[in-house]
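Take a look at the letters that make up each chain.
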Amino acid sequence: MTTPDDATVELPRTRARSGFWRETSGALAIGLAGLAVVVLALQVIAWVRGLPGPGIAVLLGHFATAAAALLAQHFADRKTGPQAALSILIVAIATGTAIWFFWWA
């Protein structure tokens, strides 16, 4: 038997929105991590076939920028305001650095 004191109050559910830039930086960060794994696979294939491949510097560079982007995205997902904006900017800079130095240059 329930009494009025035992009644539970349901609060309205609100959907948390993370925002366009936060979602975009998350896609960039995970894309950069995926690209690092692809470069690793290409390097391993090259070693197996006795070819030079992309090289250790390119491989480490991809993993370093991916790690920086993922770490910055971790903070962007948990912070608000200027701290989140700075973290999103760091993700964009890490992605731009990887693309510029390892693909365009």
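Please refer to the structure higher up on the page.
Below you will find a few notes about this structure.

Calculation criteria
- Residues numbered from 1 in each chain as written.
- Predicted model: local features only at pLDDT ≥ 70, side-chain atom pairs only at ≥ 80, totals over all residues.
- Heavy atoms only, no water.
- Helix = DSSP H or I, 4+ residues; strand = E, 2+ residues; numbered from the N terminus.
- Buried < 20%, exposed > 50% of the residue type's maximum accessible area, 1.4 Å probe, protein only.
- Contact = heavy atoms within 4.5 Å.
- Axes fitted to C-alpha atoms, helices over the stretch in contact; angles between N-to-C directions.
- Left-handed = near helix turned anticlockwise from the far one by under 90°.
- Nonpolar A, V, L, I, M, F, W, Y, C, P; charged D, E, K, R; others polar.
- Phe/Tyr/Trp six-rings, centres within 6.5 Å; stacked < 30°, edge-to-face > 60°.
- Core = buried A, V, L, I, M, F, W, Y, C linked by side-chain atoms within 4.5 Å.
- Expected span 1.5 Å × (residues − 1).

Now for the overall build of the chain. Assigned secondary structure in the chain consists of 3 helices and 0 strands. Listing the helices and strands of the chain from first to last along the sequence gives α-α-α. Counting all 105 residues of the chain, 24% fall into the buried class. Long-range contacts, defined here as pairs at least 24 residues apart, represent 63% of the contacts in the chain between residues at least 6 apart.

With that settled, consider the side chain of Ser25. The topology assignment puts Ser25 in helix 1 (residues 20-49). Setting aside its immediate chain neighbours within four residues, Ser25 contacts Gln73, Ile88 and Val91.

A word on the packing of helix 1 against helix 3 (residues 82-104). Between helix 1 and helix 3, the shortest axis-to-axis distance is 9 Å and the interhelical angle comes to 35 degrees. Judged by the sense of rotation from one axis to the other, the crossing of helix 1 with helix 3 is left-handed. Across the interface between the two elements, Trp21, Arg22, Ser25, Leu28, Ala29, Leu32, Leu35 and Val39 of helix 1 pack against Ala84, Ile88, Val91, Ala94, Thr95, Ala98 and Trp103 of helix 3. Class assignment of the residues belonging to the contact of helix 1 with helix 3 gives a composition of 12 nonpolar, 2 polar and 1 charged.

Here the focus is the packing of aromatic side chains. On inspection of all chains with the given rule, the structure shows 2 aromatic pairs. Ring plane angle 75 degrees and centroid distance 5.0 Å describe the contact between Phe20 and Trp21, whose orientation is recorded as edge-to-face. Overall, the relative accessible area of 59% leaves Trp21 in the exposed class. A centroid spacing of 6.1 Å and a plane angle of 85 degrees characterise the contact between Trp100 and Trp104, whose relative ring orientation is edge-to-face. Residue Trp100 and its partner Trp104 are located together in helix 3, separated by 4 residues, close to a single helical turn.

Right, let's get into the nonpolar core. Core analysis: the biggest nonpolar cluster contains 10 residues, these being Ala29, Leu32, Ala33, Ala36, Ala66, Ala69, Ala72, Val91, Ala94 and Ala98. Contributions of two or more residues to this core are made by helix 1, helix 2 (56-78) and helix 3. The element that contributes the greatest number of residues to this core is helix 1, accounting for 4 residues. The contact partners of Ala98, leaving out residues within four places of it in the chain, are Leu32, Thr65 and Trp103.

What follows deals with helix 3. Owing to its 3.6 residues per turn, the α-helix brings residues three or four apart onto one side. For helix 3, built from 23 residues, the straight-helix expectation of 33 Å at 1.5 Å per residue is met to within 8% by its first-to-last C-alpha distance of 31 Å. Of all the residues in helix 3, the buried ones are Ala84, Ser87, Ile88, Val91, Ala94, Thr95 and Ala98. Packed against the buried residues of helix 3 are helix 1 and helix 2.

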